Amino acid sequence: MDLRFTPEEVAFRDAVRSFCRSEIPAEIRRKVSEGRGLTKDDIVASQRILNAKGWAVPHWPRAWGGQDWTPIQRYIYTEELLQAAVPLPQQFNCYMFGPVLATFGSEVQKERFLRRAANLDDWWCQGFSEPGAGSDLASLKTRAVRDGDHYVVDGQKTWTTLGQHADWIFCLVRTDPEAKKQRGISFLLIDMTSPGITVRPILTLEGRHEVNEVFFDSVRVPVENLVGEENRGWDYAKFLLANERTGIARIGLTKERITRIKRLAKEMPAGDGTMWDDPAFRTRVAEVEIELKALEITQMRVAARQGRADSVQPDPASSLLKIRGSQLQQAATELLVELAGPFALAAPERGAGANDPPGGFDWVDAAAPSYFNNRKVSIYGGSNEIQHNVIAKGVLGL
Amino acid sequence: MDLRFTPEEVAFRDAVRSFCRSEIPAEIRRKVSEGRGLTKDDIVASQRILNAKGWAVPHWPRAWGGQDWTPIQRYIYTEELLQAAVPLPQQFNCYMFGPVLATFGSEVQKERFLRRAANLDDWWCQGFSEPGAGSDLASLKTRAVRDGDHYVVDGQKTWTTLGQHADWIFCLVRTDPEAKKQRGISFLLIDMTSPGITVRPILTLEGRHEVNEVFFDSVRVPVENLVGEENRGWDYAKFLLANERTGIARIGLTKERITRIKRLAKEMPAGDGTMWDDPAFRTRVAEVEIELKALEITQMRVAARQGRADSVQPDPASSLLKIRGSQLQQAATELLVELAGPFALAAPERGAGANDPPGGFDWVDAAAPSYFNNRKVSIYGGSNEIQHNVIAKGVLGL
Amino acid sequence: MDFDFSEEQGLLRDSVTRALADAYPSLERRQARIAASLGFPEEGWRSLAELGLLGLPFAEDDGGFGGGPVETMIVMEAIGRTLAVEPYLASAVLGGTALRLGADATQRARFLPGVIDGSLRLTLAQTERQSRYDLHDVATTARRDGDGYLLDGQKCVVLNADAAGLLVVSARSAGERRDPHGIGLFLVPADAAGLSIQPYPTQDGGRAAEVSLSGVRIGADAVLGDPQNGLPLLARTVEHGIAALAAEAVGSMEALHALTVEYLKTRKQFGVPVGSFQALQHRAVDMMIALEQARSMALYAAMMVEAPDAAERAAALAAVKVQVNKACRLVGQEAVQLHGGIGMTLEYIGAHHFKRLAMIEYQFGDTPHHLRRVAEDGGLIAA
Amino acid sequence: MDFDFSEEQGLLRDSVTRALADAYPSLERRQARIAASLGFPEEGWRSLAELGLLGLPFAEDDGGFGGGPVETMIVMEAIGRTLAVEPYLASAVLGGTALRLGADATQRARFLPGVIDGSLRLTLAQTERQSRYDLHDVATTARRDGDGYLLDGQKCVVLNADAAGLLVVSARSAGERRDPHGIGLFLVPADAAGLSIQPYPTQDGGRAAEVSLSGVRIGADAVLGDPQNGLPLLARTVEHGIAALAAEAVGSMEALHALTVEYLKTRKQFGVPVGSFQALQHRAVDMMIALEQARSMALYAAMMVEAPDAAERAAALAAVKVQVNKACRLVGQEAVQLHGGIGMTLEYIGAHHFKRLAMIEYQFGDTPHHLRRVAEDGGLIAA
């Protein structure tokens, strides 16, 4: 048992750390750090820098741009990106679509899509959730009916993150309406420019356009865009959702937030000094840091276990990481709003002529939106309630 | 709307307050305050003083020693006793047995038992819970079979509080084994000296003998000891359990604990001063006080509502009072243990020759036992989980 | 002790509830009202005046209706339930309290008729860059200038300043930045020379502004009470603000809790209503407990906000804010969580309740601020 | 990075687990062991010596087995799981660490053989009436007296003092009561003249004592390290105590959580297993999360307790204690609650786990104490 990184792991960490800080534009990292929205160009630019280095899709098969990293290296890589406030590689391209296609796609599909996905030449989004099928995904209703060389798709998807930027969407569609719930579902790739697709924005709490509804009205999709076998889409989705958990605790993100909070606290007046001089505030920060340290070790324990030959399944501990990780991400944003205090009330849209930020603090208007936005992390990707159920059943046997 | 006490209510409060402090022996009140066990003699002595004043059973019918107090007066009375660390009138005699008998008993039974119960001439205990029937009381198994002028009782009761002191036990017994759950249950009064009764102590967390198992082996009970009608005992029990909620939040008890904690904190060294000089500790005390203040108003709202002619049913808000009241009783004991700190480790049984209490603090050994003992308050009388179910169903309609 | 409304209070409750329900029948209509240039429609304000709500707290001798804290509570609860954006808090409660308790006969005669008929709106300019929630931390200066004063300084996050005709401004006529002594409250017309207002929307659908004062000249008649000892008046003004916010929070939480319970009953997942899951039931119950505890504290605030003993009153209102803040957070967060995705979207009224509740936590002092005040003063229970 | 036990560590784990399971097969047997005059049976201590556990932390040159913090963690976890009452913490961990890190060659030669073969038990006498958890708060005095010292003072809640042959006592040879400088550690034989031990049982089945020193004379050879600068050694000793307690807590929580889950599966109410209620399931999950987070911190403690940087080490161990304390409270309280009445009775082993976990919170510093230390030092993450 040795709980320290090996010298090789330390060297790797330092390499990732210095690359992140020297190569990714500071302006992009500032936006991430402040919790302000990124433009599509920001995300593409950052990912292409990573991809040029060979680091956009390290967990993919070597043939498609992956790196044969150990689980610990992958863990280090993700955490370093997060701590440097570098946008993670576009999630749908890199952590969902890519792994599924590399595993279940045809050679033609791989050739056509994978390298473009890694470089964000194509932007992929996800078409899983429907208005009546959120956590209960298997009850989805969007259907695809075979018509010659095409499927004809009708239905509606929702919570489609950044679908407004997307060139392609990978969808779960019902191809056999007779089959029970999980069966009869297929995994289809759909060109977002196809006639019959409408994208409607949904504004989230903080007022940002992050998610969409996507409507399909007799959309014709070539059968060559079916992934794997018809009616086996549920298997591919399960594979994908297990992959989604990678780095789900977002330790590095919360660390970066805490670091920033401490820095800002030293500049925020309070009483005769600053907020950092207030023992009660420091205590609340420390509580989050301590819980985060424990979660960091827990995450390393999980990562180390994944490195063993006998464990190819996703660890049930990923539910634990999801629950506590999301809680700590949220706790950090609560501290940020507390720090902004009376100034948190001001909204970012200050309008023309209003040059001075509230109280002269240029970050306070983004504090509450960051808090609002982060309420989602305990909801999406399988809500924390679902994760509790998973542990109760899968680990405790209740 | 006037949220203050009327002058009459203030006068009443002052009268109860001064009576408690001048008439109830200080030694008994000290034991209550420190959370040390009372002897049977302590409890009897205290209750007889109250009864001589006419205050042991104020909520009983006037004919049997009650006072025509308003709900607000009853509330004031209970809270003042608690705040003065006066033992409340023996619960089973005064809040359970008495009201049931006064409402459902025969005149002969009332004449025989009620005045003796009010004066603690007879000590009553409760025989409801069974090993397999705790929160799910209706599944009880102890049976009573009619044999001439007697019932023959066989079975087992558990969690019988202070049954070791009891002269009598009021029991729920199954008289019709064919009937479904709630039906077929009768309410029987049993002399604890009857042949066939065995009492076995159960020691609770803090090492005290507070509860018992009571075994019935062919115990013969005269039929005249049946309360009301055969097989209608469940109705009487429901009536009793609704009564049990009276003053269930125990605001006064927690107030008394907080007062004591503040006093002790001023004497407990910490750093260059005392624990009371520690802003973090004071903040934790204040949090409990604030929550308690809110609960006090909530309890007054409930009490005021009970005073209205159109509400004779127990208020569903009593579940709320039970939940939050028990949590605050427990929170206060946690603060007490925190205050005792390293000295909390010492157990009360110090043995001969060990005259010096740990660190010289004569109260610290009772801190943890008080914390341990108070874990029960969120379990008994319908656990907090059951109370949550009650509100979810009865108030929210879920 | 009596927790029932009087007949008049019952009528007030009915009328204000009906009027606001009419004005705010849907989220769309609320957003349309917010889109007005001041963040609310003028006719909305006029209808509050017509209902008599703007004169509610003032004495009948001053042309008001002689209402007290309970009446304000009734109005603010209705505002909270409907998420109404008219500046009742800024003008009637904050500005109104300062005038009601601080103005002399001349000032009352001059300003109150307009306040009551709705033609004059007020606000309180108190927060500063460095003050956080400390009312006694005032860097804005009021220098003697002949009979009057010259005001210089910056005020932050002044509620609805762009809709106000008159600002109540705290400024220091003597002493060091954090001295309790030397603070005065001054009445500054919105069109005063040297006054600049930079308005902006707030996170919760309201409006506020940065206000800068650069050599703003005011006369002797613009001083509210004692120019050197105005802190008690400012404190009482903010205490009324806290009592009003508590009631608003209760109204909003009540609405949000009802929405949540309704959602749990109707939304199905895995073939059954979401509300059939016991874990969610218990959390809805904990929300209700928090709501009821906050409701009790809103009543306590109404009872204590006119209490004569300043220390007792201050401790009580601080305690109220702590309890209400905690309830705002729990009820708001749990509502979003129990709703799932829909709770995250601006298309859902519940999301707007969540945001308003989140912001109430940071108005007039957050939880740690007031908790510290209660603790420093030795708590609520004498020992 | 590698979280697996080495082969030797695996063997150690198996043997200690087996031995303690044999010694503690039931609650009745545990209570019978406690009934022994010292609170544990002598043969229990001997069997630990025979297993080599008493020599585990000492260097092979000193006759030990050269184990490190991971080995101690393994033993303490097994002790926690079985609620064993042998004074391993007091003697092997606390006394052992003080000697291992502080004793010179002569002292090692004189004492370690007995410590390792079990004939000499140790303990640490540190807490004083006014010290609370502050190691630097020492009123007990050590006055020079010829070559040696005269010790005077009172020590409180000294673990298993009545079973110890040698006490490691903190005392002040210079400076004021709370000066970090001027503190020394002194070795005092249990039979020293002027030493008085008043033993008593503890809440959790263990034993402790009030120890008074009245002109206790010790020689120069009884000073452990620097008599004026012993605080770092004392701090390191207590850090090892915290690491050991963390492991013990994890073992106990693991057992208690398993008991709770088992109870939920078997106990029926309303005709179904209690564990079929979702609200209880989710709470059992939260217990598991707390347990796993504490387990991570026990590992972190083992990793950091020998770290060279004193400030980093202190912050790490303080953080460990905070997290473990919180877990002890949550897991203990929830276990009792989910068990219902049975969890309240001394006839149930789970109740004894609850009490031990409750007391661990208050050994070597409670949550507020260590939280303050972490906060004062600026936290764990550099900013």
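Residues numbered from 1 in each chain as written. Chains lettered and ligands numbered in written order. Predicted model: local features only at pLDDT ≥ 70, side-chain atom pairs only at ≥ 80, totals over all residues. Heavy atoms only, no water.

Undergrad: Honestly, helix α10 (residues 349–360) of chain C in this entry has me stumped. Any pointers?
TA: Because the α-helix completes a turn every 3.6 residues, residues three or four places apart line up on one side. Compared with the 16 Å implied by 1.5 Å per residue over twelve residues, the 17 Å span of α10 of chain C between its first and last C-alpha is a close match. Burial in α10 of chain C covers these residues: G350, A351, H352, H353, F354, K355, R356, L357, A358, M359 and I360 of chain C. If you follow the buried residues of α10 of chain C, they end up packed against α11 (367–374) of chain A together with α2 (27–34), α4 (69–82), α5 (88–102), α7 (231–266) and α9 (310–339) of chain C. (Helix = DSSP H or I, 4+ residues; strand = E, 2+ residues; numbered from the N terminus. Expected span 1.5 Å × (residues − 1). Buried < 20%, exposed > 50% of the residue type's maximum accessible area, 1.4 Å probe, protein only. Contact = heavy atoms within 4.5 Å.)

Undergrad: I tried to follow unusual backbone geometry on my own but got confused; where do I start?
TA: We note that N231 of chain B has phi near 70 degrees; this positive angle belongs to a residue other than glycine. The topology assignment puts N231 of chain B in the loop between β8 (226–227) and α7 (233–244). For N231 of chain B, a relative accessible area of 26% corresponds to the partly exposed category. Positive phi outside glycine occurs at R132 of chain D, with the angle close to 50 degrees. Positionally, R132 of chain D belongs in the loop between β1 (122–125) and β2 (141–145). Owing to a relative accessible area of 8%, R132 of chain D belongs among the buried residues under this scheme.

Undergrad: Whenever I open this one, the pattern of salt bridges confuses me. Can you help?
TA: Between side chains of opposite charge, pairing is possible as soon as their charged atoms come close. In total, this model carries 110 salt bridges over all chains according to the counting rule given. One salt bridge connects E77 of chain C with R81 of chain C, and the closest N-O pair in it is separated by 3.4 Å. Highlighted residues: E77 of chain C and R81 of chain C, both in helix α4, separated by four residues, approximately one helical turn. Owing to a relative accessible area of 9%, E77 of chain C belongs among the buried residues under this scheme. Notably, a salt bridge pairs R178 of chain D with D137 of chain D, separated by 2.8 Å at the nearest N-O pair. Residue R178 of chain D is found in the loop between β4 (166–172) and β5 (183–189), and its partner D137 of chain D is found in the loop between β1 and β2; the two are separated by 41 residues along the sequence. Accessibility expressed as a relative area gives 22% for R178 of chain D, which makes it partly exposed. (Salt bridge = Lys/Arg side-chain N within 4 Å of Asp/Glu carboxyl O.)

Undergrad: Sorry if this is basic, but what is going on with the interface of chain C and chain D here?
TA: By convention, interface size is frequently given as the accessible area that disappears when the constituent parts associate. Each side of the interface is counted separately: chain C has five residues, and chain D has five residues. Summed over both sides, the interface between chain C and chain D buries roughly 380 Å², with carbon and sulfur atoms accounting for 54% of that surface. Applying the counting rule to chain C against chain D returns zero salt bridges. Its residues assigned to classes, the side of chain C that touches chain D comprises three nonpolar, two polar and no charged. (Buried area = accessible area lost by both parts, 1.4 Å probe. Nonpolar A, V, L, I, M, F, W, Y, C, P; charged D, E, K, R; others polar.)

Undergrad: What should I look at first to understand the domain arrangement of chain A in this one?
TA: All names here are of chain A. Parsing chain A into structural domains produces domain 1 (7–89), domain 2 (124–231) and domain 3 (249–394). Computed over C-alpha atoms, the centres of domain 2 and domain 3 are 32 Å apart. When domain 2 packs against domain 3, close to 490 Å² is buried across both sides, 54% of that on carbon and sulfur atoms. Connecting domain 2 to domain 3 are one salt bridge. Looking at the side of domain 2 that touches domain 3 residue by residue, the class counts come to one nonpolar, one polar and three charged. (Domains from an automatic or database assignment.)

Undergrad: Please explain the relation of the copies chain C and chain D as it appears in this structure.
TA: One chain copy maps onto the other through a rotation about an axis and a shift parallel to that axis. Between chain C and chain D, the superposition needs a rotation of 180 degrees and an axial shift of 0.0 Å, giving an RMSD of 0.0 Å. The relationship between the two copies is best expressed as a two-fold rotation axis. Considering only C-alpha atoms, the residue of chain C closest to the rotation axis is A279 of chain C, which sits at 1.9 Å. Residue by residue, 100% of the interface of chain C is reproduced at the interface of chain D, so both copies engage with the same surface. (Least-squares fit on C-alpha atoms with pLDDT ≥ 70 in both.)

Undergrad: Where do I start with the packing of aromatic side chains in this structure?
TA: Centre distance and the angle of the planes are the two values used to describe a pair of aromatic rings. Enumeration according to the criterion identifies 46 aromatic pairs over all chains in this entry. Centre to centre, the rings of W55 of chain A and W69 of chain A are 6.1 Å apart; their planes meet at 65 degrees, and the pair counts as edge-to-face. One end of the pair, W55 of chain A, is in the loop between α3 (40–52) and α4 (71–83); the other, W69 of chain A, is in the loop between α3 and α4, and 14 residues separate them in sequence. Exposure remark for W55 of chain A: the relative accessible area of 8% places this residue in the buried category. A ring pair is formed by F19 of chain B and W55 of chain B, whose centres lie 5.1 Å apart and whose planes are at 65 degrees; its orientation type is edge-to-face. Here the residue F19 of chain B occupies a position in helix α1 (residues 7–23), and W55 of chain B occupies one in the loop between α3 (40–52) and α4 (71–83), the gap between them amounting to 36 residues. Through a chain of ring-to-ring contacts, three or more aromatic side chains come together here, namely F97, F104, F113, W124, F128, W168, F170, F187, Y236 and F239 of chain A. Geometry around Y151 of chain A places R146 of chain A over its ring, the cationic atom sitting 5.7 Å from the centre. (Phe/Tyr/Trp six-rings, centres within 6.5 Å; stacked < 30°, edge-to-face > 60°. Lys NZ or Arg CZ within 6 Å of the ring centre and 35° of its normal.)

Undergrad: What exactly am I supposed to notice about the pairing of β4 of chain D here?
TA: In summary, the side chains of a regular strand alternate between the two faces of the sheet. All names here are of chain D. Judged by how many residues are buried, β4 sits mostly within the fold: seven of seven residues are covered. Burial along β4 is two-sided: the face carrying L166, V168, S170 and R172 and the face carrying L167, V169 and A171 are both buried. Pairing analysis gives four bridges linking β1 to β4, with the strands arranged parallel. Note that in β4 the partner of L124 across the bridge is V168. The pairing of β4 with β5 spans seven bridges and is classified as antiparallel. By the bridge assignment, L167 is partnered in β5 with V188. (Pairing = 2+ DSSP bridges.)

Undergrad: Hey, could you run me through the UniProt feature "domain: Acyl-CoA dehydrogenase/oxidase N-terminal" (unreviewed entry) in chain C in this one?
TA: Within this structure's numbering, the places UniProt gives as "domain: Acyl-CoA dehydrogenase/oxidase N-terminal" (unreviewed entry) are residues 6–118 of chain C. With 67% helix and 0% strand, the stretch residues 6–118 of chain C has end C-alpha atoms that lie 26 Å from each other. (UniProt positions renumbered as here; feature names shortened; annotations may be inferred.)

Undergrad: I'm lost on helix α6 (residues 107–118) of chain A in this one. Help?
TA: Residue and element names in this part refer to chain A. If you check α6, its first and last C-alpha atoms are 16 Å apart, about what twelve residues at 1.5 Å a residue would give, namely 16 Å. All of the buried residues in α6 are Q109, K110, F113, L114, A117 and A118. Seen from one end, α6 has its buried residues packed into an arc of 120 degrees, which puts them on one side. Looking at the buried residues of α6, the elements they touch are α3, α5 (91–104), β1 (124–127), β4 (168–174), β5 (185–191) and β8 (226–227). (Arc of directions from axis to C-beta.)

Undergrad: Looking at this structure, I do not really get the confidence of the model for chain C. What am I missing?
TA: Caution is warranted with low-pLDDT regions, since their predicted coordinates should not be read in detail. Scored by pLDDT, chain C comes out at a mean of 96, with 100% of its residues at no less than 70. Of the two predicted TM-score estimates for the complex, the pTM is 0.96 and the ipTM is 0.96. (pLDDT = per-residue confidence, 0-100.)

Undergrad: Before we go on, may I ask you to explain the pairing of strand β7 (residues 209–222) of chain A in this structure?
TA: All names here are of chain A. Pairing of strand β3 (residues 150–157) with β7 involves seven bridges; the strand directions are antiparallel. Bridging across to β7, V153 finds its partner in V219. Pairing analysis gives seven bridges linking strand β6 (residues 197–203) to β7, with the strands arranged antiparallel. Among the inter-strand pairings, L203 is bridged to a residue of β7, identified as H209.

Undergrad: Just to check I follow, could you spell out the domain arrangement of chain C for this structure?
TA: Residue and element names in this part refer to chain C. Domains assigned within chain C are domain 1 (7–120), domain 2 (123–228) and domain 3 (232–376). Of note, the centres of domain 2 and domain 3, computed from C-alpha atoms alone, are 30 Å apart. Facing twelve residues of domain 2, the contacting portion of domain 3 comprises 14 residues. Counting the surface lost from both domain 2 and domain 3, the interface buries some 1100 Å², and carbon and sulfur atoms represent 73% of this. Our count for the contact surface shared by domain 2 and domain 3 stands at one salt bridge. The closest approach of N and O atoms between R356 and D204, which form a salt bridge, is 2.7 Å.

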